[in-house]
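One-letter residues, chain by chain:
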Amino acid sequence: MTARGAEWPDAGVLLAGVAAGLPPITLEEVTAASKLMTRVDRKYLVSASTMTRLAAELGGGFAVLRIGGWRQFRYTSTYFDTPDLLTFRQHRQDRRRRFKIRTRTYLDGGGRWLEVKLNGAGGSTDKHRIPYDASPSDTLTREALEYVTETLAGNLRLARPESLGPVLSTDYGRVTLVDRAGAARLTCDTGLVCGDGRRTLAARRDRVLLESKSANGHAAADRILRDLGVRPISVSKYCLGVAALHGVAANRWHPVLRRYFPGSRPATTPK
């Protein structure tokens, strides 16, 4: 019988090896274009073996982000939503104008930010953020709520929901590959663990959740993955975590949940 570790290789270890073999790039060296605060995102869920093939195909055109000697970082995020999960439902319904609100803490690189991610016309993603080091990660201060209000009104012409509270936390490791031409970047996330304050659920460790970020959605990683037969998925860590832990309807994401969160049993009809 094959040992479980051989069946499910740790993709985080694989990515550490990929990162070690690439030239480093610092935050200061990343061009304004590759920061891509406004961009088109393509997400993919791939096996460790597919990640190996992708890394080989990308070749020397990419560098790995390095901060303070680190090439692989741990992030933790807390997502805020209404009691009836407004932002989750907006994503599930594929609303053209939608948003997510979270705090993100960089456990290795340092720092915490309050982030408001906006989705608008044409599938573009626009991220707004402010430093949040002095505030708890699971709390929205008065200043934070004011920032959310202004961001939603000024960019999507939406009113801020009256009641927002922490709904889900995520913890994972990330390697960021940066196009050396400054046109795109690829985040590679492994070891995802989601929690809702009552229980936690770990994703398969042999899977990599990729996010290809570029100005037009046609980066080198997108082309290579298409040639490998991998298609993008429309989902987020937040939506997967809520569906898996809260038992809410997530019909369109069932295939991803089965591949990524063994044993999860989300509902099949909306509540």
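Relevant structure appears above.
Only a predicted model underlies this, so the values are computations on that prediction, with no experimental measurement involved.

Details of the packing of helix α4 (residues 48-58) against helix α7 (residues 220-227)
So, point 1. Where α4 contacts α7, the two axes come as close as 10 Å, and the packing angle between them is 130 degrees. Considering their axes alone, α4 and α7 lie oblique with respect to each other. Crossing of α4 over α7 shows right-handed handedness. Note on element contacts: α7 touches α4 through Ala-220, Ala-221, Ile-224 and Leu-225, opposite Thr-50, Leu-54, Glu-57 and Leu-58.

Observations concerning the packing of aromatic side chains
So, point 1. Tallied over the entire structure, the rule returns five aromatic pairs.
So, point 2. Relative to Tyr-238, the ring of Tyr-79 has its centre 5.0 Å away and its plane inclined at 25 degrees; by these criteria the two rings are stacked. Taken together, the residues span a long stretch of sequence, with Tyr-79 in strand β4 (residues 73-81) and Tyr-238 in helix α8 (residues 237-246) at a distance of 159 residues.
So, point 3. We classify Tyr-79 as buried; its relative accessible area is 3%.
So, point 4. Three or more aromatic residues joined by ring pairs form one cluster here, namely Tyr-75, Tyr-106 and Tyr-172.
So, point 5. Against the face of Trp-113 rests Arg-129, its NZ or CZ located 3.9 Å from the ring centre.
So, point 6. The lysine or arginine in question, Lys-237, covers the ring of Tyr-172, its NZ or CZ lying 4.5 Å from the ring centre.

As for the pattern of salt bridges
Opposite charge on two side chains lets them pair, provided their charged atoms get close.
So, point 1. Tallied over the full model, the rule gives 14 salt bridges.
So, point 2. Put simply, Arg-89 and Asp-84 hold a salt bridge, and the shortest N to O gap is 3.0 Å.
So, point 3. Of the residues examined, Asp-84 reaches a relative accessible area of 46% and is grouped as partly exposed.

What about the nonpolar core?
So, point 1. Within the largest apolar cluster, 36 residues are counted, with the highest numbers of intra-cluster contacts made by Phe-88, Tyr-238, Leu-240, Trp-253, Leu-257, Tyr-260 and Phe-261.
So, point 2. At the level of elements, β3 (62-65), β4, β8 (165-179), β9 (184-195), α8 and α9 (254-260) are the ones that each hand at least two residues to this core.
So, point 3. Ranked by the residues each element gives to this core, the list is headed by α8, at seven residues.
So, point 4. Leave out the neighbours within four places in its chain, and Tyr-260 touches Leu-45, Leu-192, Ala-203, Arg-204, Arg-207, Leu-209 and Leu-240.
So, point 5. Grouped together as the second largest cluster of nonpolar side chains are 24 residues, Ala-19, Leu-22, Val-175 and Ala-221 included.

Details of the packing of helix α2 (residues 11-20) against α4
So, point 1. With their axes 10 Å apart at the nearest point, α2 and α4 run at an angle of 10 degrees to one another. Between α2 and α4, the angle is such that the two are roughly parallel. Contacts between α2 and α4 pair Ala-11, Leu-14, Leu-15 and Val-18 from the former with Ala-48, Met-51, Thr-52 and Ala-55 from the latter.
So, point 2. Its residues assigned to classes, the contact of α2 with α4 shows seven nonpolar, one polar and no charged.

Rules and cut-offs
Residues numbered from 1 in each chain as written. Predicted model: local features only at pLDDT ≥ 70, side-chain atom pairs only at ≥ 80, totals over all residues. Heavy atoms only, no water. Axes fitted to C-alpha atoms, helices over the stretch in contact; angles between N-to-C directions. Helix = DSSP H or I, 4+ residues; strand = E, 2+ residues; numbered from the N terminus. Parallel < 35°, antiparallel > 145°, perpendicular 65-115°, else oblique. Left-handed = near helix turned anticlockwise from the far one by under 90°. Contact = heavy atoms within 4.5 Å. Phe/Tyr/Trp six-rings, centres within 6.5 Å; stacked < 30°, edge-to-face > 60°. Buried < 20%, exposed > 50% of the residue type's maximum accessible area, 1.4 Å probe, protein only. Lys NZ or Arg CZ within 6 Å of the ring centre and 35° of its normal. Salt bridge = Lys/Arg side-chain N within 4 Å of Asp/Glu carboxyl O. Core = buried A, V, L, I, M, F, W, Y, C linked by side-chain atoms within 4.5 Å. Nonpolar A, V, L, I, M, F, W, Y, C, P; charged D, E, K, R; others polar.

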